[in-house]
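As a plain string of letters, each chain reads:
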Amino acid sequence: MLIILLLLLFIVIVLITRIRIVPQANIYVVERLGAFYKAWGTGIHFLVPFLDRVAKRVSIKEQVVDFQPQAVITKDNVTMQIDTVVFFQITNAVQFAYGVEQPIAAIENLTATTLRNIIGALELDATLTSRDLINTRITETLDQATDRWGIKVIRVELKNILPPNEIRDAMEKQMKAEREKREKILRAEAEKEYQIKVAQGKKDAQILQAEAAKQTAILKAEADKQAWILRGEASKEQSILIAAGEAQAIELVQKALADSLVCLNEANPNDAVLRLKALEAFEKAADGKATKIIIPSEIQGLAGLATSLKEVIATPSAEDTDAATTESTPK
């Protein structure tokens, strides 16, 4: 009875130990009786005791391998050290398990030989400036070569490119000289820009001064024009006012003369008075600057009129004579 229990316990332990759980992103390659049987994906599986075994556990995640620096020689015979980084992924676990022995070492050697072939066709300067080209060509070559191993080479990067010490010293001197050259060029360009800015500033200042002088002259001319216009307007207004005053004075004089004639007409003057007025008018006419005076025929009798007026003024009236006699007679 004890033997049966021990046997059953042994069978249970064996069965439990033959259970396999494949984790995510992994593939188990299973062999039966030494030959490939099946590739197990994620999940729980059972190995047949004494017949099946897991030959290889393969991770299908993307992997990164950093290889040691490789000595390469450029086209211009410069030896340098280059180390590479390879990004790859296993796409076929069966081919990876049975395609090549030590696949990582195979990828490393293939990378080194491919790198030497590519660098050997390039000079030092091209090698230092053509990283993308070198990466692309190595990736294409490795991907094509590792396809039958169930490996997909995603990307290859040149991590470091280390020329010899003397080459690095020469490159540093060249870089220093190049920087000094750029510095001098920048200083010259800055001085040129400064001179251009100064000249442009002087030009703009002269233009602004000329514009200011022009505007000043225009404003002065406008002011003089307005002054002359205002003076002309004032003179015009003054002349108009003087003419209006003279016209008003003439009108008043004419009105006064008309009123005097009306009064004279209403007074019914005799011939002596009319002749006297004619004499006064002749006196005004003769008071001018004319060298010749034509005397009208109507005024020829003015001498006699003047004599008569003189006699009238000189001869006292009868009443004046009587008054004078009375005053002279003693009482």
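Quick note: structure is the one above.
Residue positions are given per chain, counted from 1 along the sequence in the order it is written. Thresholds applied to this predicted model are a pLDDT of at least 70 for local features of residues and 80 or more for the giving and counting of side-chain atom pairs; totals over whole chains, interfaces and linings are not thresholded and use all residues. For the side-chain quantities, the full set of heavy atoms in the structure was used; hydrogens and water were omitted.

## A short note on the overall build of the chain
Helix and strand definitions here come from DSSP, where helices need a minimum of 4 consecutive H or I residues and strands a minimum of 2 consecutive E residues; each element is numbered from the N-terminal end. The secondary structure content of the chain amounts to nine helices and nine strands. By the burial criterion, 19% of the 331 residues in the chain qualify as buried. When contacts within the chain are restricted to residue pairs at least 6 apart in sequence, long-range pairs at least 24 apart make up 63% of them. The method behind every accessible area is Shrake-Rupley, applied with a 1.4 Å probe, and residues are considered shielded solely by the protein chains displayed. Total accessible area on the chain is roughly 24600 Å²; 59% of this is exposed by carbon and sulfur atoms. Each residue is placed in one exposure class: buried if its accessible area under a 1.4 Å probe, protein chains only, is under 20% of its type's maximum, exposed if it is over 50%, and partly exposed if it falls in between. The criterion used for residue contact is that any of the two residues' heavy atoms lie within 4.5 Å.

## Here's the deal with the side chain of aspartate 83
You can see aspartate 83 is positioned in strand E8 (residues 79–90). Counting rule for charge: Lys and Arg are taken as positive, Asp and Glu as negative, and neither His nor the chain ends is counted. By definition here, a salt bridge exists when the distance from a side-chain nitrogen of Lys or Arg to a carboxyl oxygen of Asp or Glu is within 4 Å. Although aspartate 83 is buried, it makes no salt bridge; lysine 159 carries the closest opposite charge, 4.8 Å away. Here a polar contact is taken to be a pair of N or O atoms separated by no more than 3.5 Å, where protein atoms must pair a possible hydrogen donor with a possible acceptor and residues adjacent in sequence count only if both atoms sit in side chains. For aspartate 83, the side chain forms a polar contact with the main-chain nitrogen of asparagine 160, separated by 2.8 Å. Every residue in contact with aspartate 83, bar those within four places of it in the chain, is listed here: Phe67, Gln68, Pro69, Gln70, Glu157, Leu158, Lys159 and Asn160.

## Side note on the sheet that holds strand E2 (residues 26–32)
What links the strands of a sheet is backbone hydrogen bonding, and the strands pair in either a parallel or an antiparallel sense. DSSP calls a pair of strands paired once it identifies at least 2 bridges connecting them. Within the open sheet, the three strands sit side by side as E3-E2-E5. Their pairing is antiparallel. Because the sheet does not close on itself, it has two edges, and the strands there are strand E3 (35–40) and strand E5 (52–59). Geometrically, the sheet is characterised by an average inter-axis angle of 25° between neighbouring strands, direction not taken into account. With five bridges connecting them, E2 and E3 associate as antiparallel partners. Looking at E3, one finds that arginine 32 is bridged to alanine 35. Axes here mean lines fitted to C-alpha atoms, for a helix over just the part in contact, with angles spanning 0 to 180 degrees between N-to-C directions.

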